[in-house]
Amino acid sequence: MDFEAARVKMVENQIRTTDVTSHSVLNAFFAVPRENFVPERSKLLAYVDCDIEVAPGRFLMEASPLAKLLQLGAITKDDKVLDVGCGTGYVSAVLSLLAGKVIALESNEELVAQAKANLAALGYDNVTVVGGDLEKGHAADAPYDVIFLNGSIEQLPQGLLDQLGEDGRLITVIGYGHAARATVFMRERGAFSENVFFNASIKPLPGFAKAKEFVF
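A brief structural summary. Here the structure is a predicted model, which is why all the values come from computation and not from measurement.

Criteria and cut-off values
Residues numbered from 1 in each chain as written. Predicted model: local features only at pLDDT ≥ 70, side-chain atom pairs only at ≥ 80, totals over all residues. Heavy atoms only, no water. Salt bridge = Lys/Arg side-chain N within 4 Å of Asp/Glu carboxyl O. Helix = DSSP H or I, 4+ residues; strand = E, 2+ residues; numbered from the N terminus. Buried < 20%, exposed > 50% of the residue type's maximum accessible area, 1.4 Å probe, protein only. Pairing = 2+ DSSP bridges. Axes fitted to C-alpha atoms, helices over the stretch in contact; angles between N-to-C directions. Contact = heavy atoms within 4.5 Å. Polar contact = N/O pair within 3.5 Å; in protein donor to acceptor, adjacent residues only side chain to side chain.

### A word on the pattern of salt bridges
Oppositely charged side chains can form a pair if their charged atoms are brought close together.
Inference 1: Per the counting criterion, the structure on display carries 5 salt bridges.
Inference 2: Of the charged contacts in the structure, one is a salt bridge between R58 and E106, with a shortest N-O distance of 2.7 Å. Residue R58 is located in strand β2 (residues 58-60), and its partner E106 is located in strand β4 (residues 101-106); the two are separated by 48 residues in the primary sequence. Neither residue differs from the other here; R58 and E106 are each classed as buried.
Inference 3: The partner of K136 in a salt bridge is D133, with the nearest N and O atoms 3.4 Å apart.
Inference 4: When its relative accessible area of 38% is taken as the criterion, D133 is described as partly exposed.

Structure follows, in structure tokens:
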């Protein structure tokens, strides 16, 4: 399979056609070999317009919503980014071309190892992969200019939001299914604001479900 040609088609047919106009985002998707971040059995599906399972219950997000979400962050080389739920490292690789520094957080130990190997093999040396609970973030390297969540959530922990620096942006999708909404939280003068942009049906991240309430 000609992966380079498939990558070009992905950008032209899946990403550009969904209102992604940021040159830096488009160029990053042109550059990163998505096939290197999926299991061997899924390589021929790497550029298909769908989510790809990389571990039980964990998915590499399809390109279109991913690009639209990253565009919302307006990420520059002056930014330090926390990539929450980095999986095999694909989104961290894309972020590495947009940002100055990326902290890639992953809770699955096997995925931590895969992400480290994948990113090192391709020379993305401004990414540091760390293990830990996704919902707790990574306070050791906070504050962050951008926090990106690789999946939908039911609730956003305040502790993760608190790891944003001044003028920082947290990009996430809140809710499940077709009613879920792409949302950006911003920190300005110590206060947080919330802006909703579009509906986005993506796979959930573990650790962000609401606690079940007892009903009489």
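We are not done yet, so read on.
### Side note on the sheet that holds strand β8 (residues 181-188)
Inference 1: Ordered by their spatial adjacency, 7 strands build an open sheet running β5-β4-β3-β6-β7-β8-β9, and the pairing between neighbours is mixed. The sheet is open, and its two edges are formed by β5 (127-131) and β9 (191-199), each paired on a single side. Within the sheet, the average angular offset between the axes of one strand and its neighbour, ignoring direction, is 15°.
Inference 2: In this fold helix α3 (residues 63-72) packs onto β6 (144-153), β7 (164-174), β8 and β9, with an angle of close to 150° to the strand it touches most, β9.
Inference 3: In the packing of helix α5 (residues 109-122) onto the sheet, contacts are made with β4 and β5, and the angle to β5 comes to roughly 170°.

### Remarks on the side chain of T88
Inference 1: Here T88 shows up in the loop between β3 (80-84) and α4 (90-98).
Inference 2: Classification of T88 as buried rests on a relative accessible area of 5%.
Inference 3: A distance of 2.6 Å separates the side chain of T88 from the backbone oxygen of F37, its partner in a polar contact.
Inference 4: With residues up to four places along the chain from it excluded, the contact list for T88 reads F37, V54, L111, Q114, A115 and N118.

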